[in-house]
Amino acid sequence: MSDDAHVNRTPLFFGVFIVLVGLTLASFWVANAEGLFALPQTKWQVMIGISTAKAALVVLFFMHFWWEQSWKYLLTIPTMLMAVILVVALIPDIMHRRQSYSETRLNHSAAEDAYGPAK
Amino acid sequence: MNSKANHDHTSPSEHGESHVRGGHGHDSADGHASVLSYQACLPISRGKLALWLFLSTEIMFFAALIGSYIVLRFGVPDGTWPAPKVVHLLEWVGALNTCVLLLSSVTVVFAFEAAKQNRTQVAKTWLGLTLLLGCGFLGIKAWEYSGKISHGIYPQRPRSLMYERPDLNYLSAVKQRFTELVSARDKTASDTQKNKVAGVAPKVGPTESAGELVKVRSVVLEDHASDADRLLFLRETTVGWTERRVGRVRNPFVQQEMLDVLAFMIYPEAANWPHIEGCLQRETLRVQQELDEMAGQQKTLRDKIAAIAPAEPAGGAAVDATIAAERVVLENELAAVDLQISQWKSRGQLLAEVQASGSEWEGLNHHYHWGLPIVLPNGNTWASTYFLLTGLHAIHVLVGLIAFVLLLPRTLGPMAAPWIENLALYWHFVDIVWIFLFPLLYLF
């Protein structure tokens, strides 16, 4: 680790922890707030944004990325790219799977018309 | 050479500030020996590099899992993915577990800091606290799992009780389960108990037992009614009634409504209440219509019997026997009609009770541990992804805890600091995975 052992980072780490707990509560609040967002999709995006911010705080401070040298990019950026590409590659076959369902299969799958229109 | 980066525990050869490889210099053209010097490519220890490479694979592993979950989750029609409450996931429990894991991330960082400063006892305390918090996380998780298991939410049959939609296949499964329950009851209960409890003959057939329902005034939750009473009562008023009616009704929409009501009675989804409320109202009307019809038949039969009774012929015994036989037939018909009226009334009672509870209706599976099949669209996919994601995460937590246990007996000074650092990096990664799992599983 490239950080200096003599620097007392306890207050910083504790502060980061408080922010992380605050962000967790913020997620909880966003999920339950009535009428805050017109679309659930917006709510989901905000919650994922909050999670990303939390993950970034953990990586930057608890995992010391803030103080590391540039090798960190070598290990993380290609990995993240692979991860994202994988998810994107799944979308046509998995996320849009119902578009290619036969009528028979649709009849036996969970469907919105089982309980009327989607809520 | 970055000497600062190599204060750690790499082998001396890696530190070689002007280290001669292979013990040989090379003669240059001018005859002077040139010295090869080692240049570290990464300013971190080998252990940490290995750990980061491992974490890189872990990032892709969990990205694939979470990504698959996301595309499965959002590939379903709107409103058909099980809401957290329906699958007994409590949001605040998820938030609590997140905070527990975040706190453990801080404590392990503090352990590392203390170890670097040679405060071994302090480091041990922080590491021990991390271990406890990790155990707490797994304990909460285990408690959550037990909630799913007790409700029959498994990834696969035969343990899973979930059905995709309320159809005839579902109706048949409910009927089969009730049959199993009644058989089990008949097997275990003694004849005396059966007679005492249900007031019926030991060999109870569906129709016979239903005849006693009118005596069992309890609708669903009255304390004085025994389990056996409720079992028979609810079998007839739910699946029994639905089966008969679905078989007679030709309109598929009406059939579907009846099946929807059955599914709601057993395992309700509060979000469906607006739809079910309308179904219940129409169902009540249907029951009332049936009751009116049956009352007409009842009156006709009674009139017929009354017409026969006074016609006592002054003649021979043969005529008496004919009249008596006819009377027996009519009385049997009347008994069948009475029975149906009692069943229809019971059905009306149950419908009224569900209507009175409204969206607060908790369902038969909530009150009784009968393990009746439930309708949960996409429930099996949900269970598969939930158990896979949280299970693999829990295994990672467990591995971390084992590593903490192995590390704790050691002296946690500067020599142990790199171990703590690497373990902490792993632990933080586990924390990050949960940071994404929490909203995806509990809040979406």
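Here the structure is a predicted model, which is why all the values come from computation and not from measurement.

(A) Just the interface of chain B and chain A, in detail. Contacts between chain B and chain A engage 68 residues on the former and 58 residues on the latter. Across the chain B/chain A interface, buried area totals approximately 5,500 Å², and carbon plus sulfur atoms make up 73% of it. When the buried area of chain B at its contact with chain A is split by residue, Trp 52, Val 71 and Arg 165 of chain B rank highest and sum to 12% of it. Applying the counting rule to chain B against chain A returns one salt bridge.

(B) Fine view of the packing of aromatic side chains. Within the structure shown, the criterion is met by 29 aromatic pairs over all chains. Through pairs of rings, three or more aromatic residues link up here, namely Phe 13, Phe 61, Phe 62, Trp 66 and Trp 67 of chain A. The residue whose ring lies beneath Arg 73 of chain B is Phe 74 of chain B, and the NZ or CZ to ring-centre distance is 4.7 Å. Lying over the aromatic face of Tyr 163 of chain B, Arg 157 of chain B brings its terminal NZ or CZ to 4.0 Å of the ring centre.

(C) Quick look at the environment of Trp 66 of chain A. All names here are of chain A. Topologically, Trp 66 is positioned in the loop between helix H2 (40-62) and helix H3 (71-95). A relative accessible area of 53% places Trp 66 in the exposed class. Excluding anything up to four places from it in sequence, Trp 66 contacts Leu 60, Phe 61 and Lys 72.

(D) Layout of the layout of surface pockets. Considered as a void within the structure, the second largest pocket measures approximately 1,100 Å³ in volume. Thr 52, Ala 55 and Met 80 of chain A together with Ile 59 and Phe 436 of chain B are the residues nearest the centre of the second largest pocket, which is lined by 34 residues in total. Of all the secondary-structure elements, those providing two or more residues to the lining of the second largest pocket are H2 and H3 of chain A together with helix H2 (46-74) and helix H14 (417-443) of chain B. Take the lining of the second largest pocket: its biggest share by element is nine residues, from H2 of chain A. Here the residues of the lining of the second largest pocket sort into 28 nonpolar, five polar and one charged. Residues lining the lining of the second largest pocket come from more than one domain, with at least three contributed by each of domain 1 (1-68) and domain 2 (70-119) of chain A.

(E) How the structure looks around the packing of H2 of chain B against helix H13 (residues 379-407) of chain B. Residue and element names in this part refer to chain B. Two numbers describe how H2 lies on H13: the axes approach to 10 Å, and their chain directions differ by 160°. Put simply, H2 runs roughly antiparallel to H13. Both H2 and H13 take part in a crossing whose hand is left-handed. Contact residues: Glu 58, Phe 61, Phe 62, Leu 65, Ile 66, Tyr 69 and Leu 72 in H2; Thr 381, Thr 385, Leu 388, Leu 389, Leu 392, His 393 and His 396 in H13. For the contact of H2 with H13, a count of residues per class yields nine nonpolar, four polar and one charged.

(F) Structural view of the state of the cysteines. Residue and element names in this part refer to chain B. Scanning the entire structure with this criterion turns up zero disulfides over all chains. The structure places no disulfide on Cys 99, whose sulfur is separated from the nearest cysteine sulfur, that of Cys 135, by 18 Å. With relative accessibility at 41%, the residue Cys 135 sits in the partly exposed group.

(G) Structural context of the pattern of salt bridges. Residues and elements named next belong to chain B. Throughout the structure, instances matching the rule amount to 15 salt bridges over all chains. For the salt bridge of Arg 286 with Glu 257, the shortest nitrogen-to-oxygen distance reads 2.9 Å. Here the residue Arg 286 occupies a position in helix H10 (residues 273-308), and Glu 257 occupies one in helix H9 (residues 252-266), the gap between them amounting to 29 residues. The pair Arg 286 / Glu 257 is uniform in exposure class, with both members buried. One network of salt bridges, in which partners are shared, links Glu 257, Arg 282, Glu 283, Arg 286 and Arg 347.

Calculation rules
Residues numbered from 1 in each chain as written. Chains lettered and ligands numbered in written order. Predicted model: local features only at pLDDT ≥ 70, side-chain atom pairs only at ≥ 80, totals over all residues. Heavy atoms only, no water. Contact = heavy atoms within 4.5 Å. Buried area = accessible area lost by both parts, 1.4 Å probe. Salt bridge = Lys/Arg side-chain N within 4 Å of Asp/Glu carboxyl O. Phe/Tyr/Trp six-rings, centres within 6.5 Å; stacked < 30°, edge-to-face > 60°. Lys NZ or Arg CZ within 6 Å of the ring centre and 35° of its normal. Helix = DSSP H or I, 4+ residues; strand = E, 2+ residues; numbered from the N terminus. Buried < 20%, exposed > 50% of the residue type's maximum accessible area, 1.4 Å probe, protein only. 1 Å grid on protein atoms, 1.4 Å probe; cavity = no way out; pocket = protein on both sides within 12 Å on 5 of 7 lines; lining within 4 Å. Points joined across faces, edges and corners; volume = space filled by probe spheres on them. Nonpolar A, V, L, I, M, F, W, Y, C, P; charged D, E, K, R; others polar. Domains from an automatic or database assignment. Axes fitted to C-alpha atoms, helices over the stretch in contact; angles between N-to-C directions. Parallel < 35°, antiparallel > 145°, perpendicular 65-115°, else oblique. Left-handed = near helix turned anticlockwise from the far one by under 90°. Disulfide = S-S within 2.5 Å.

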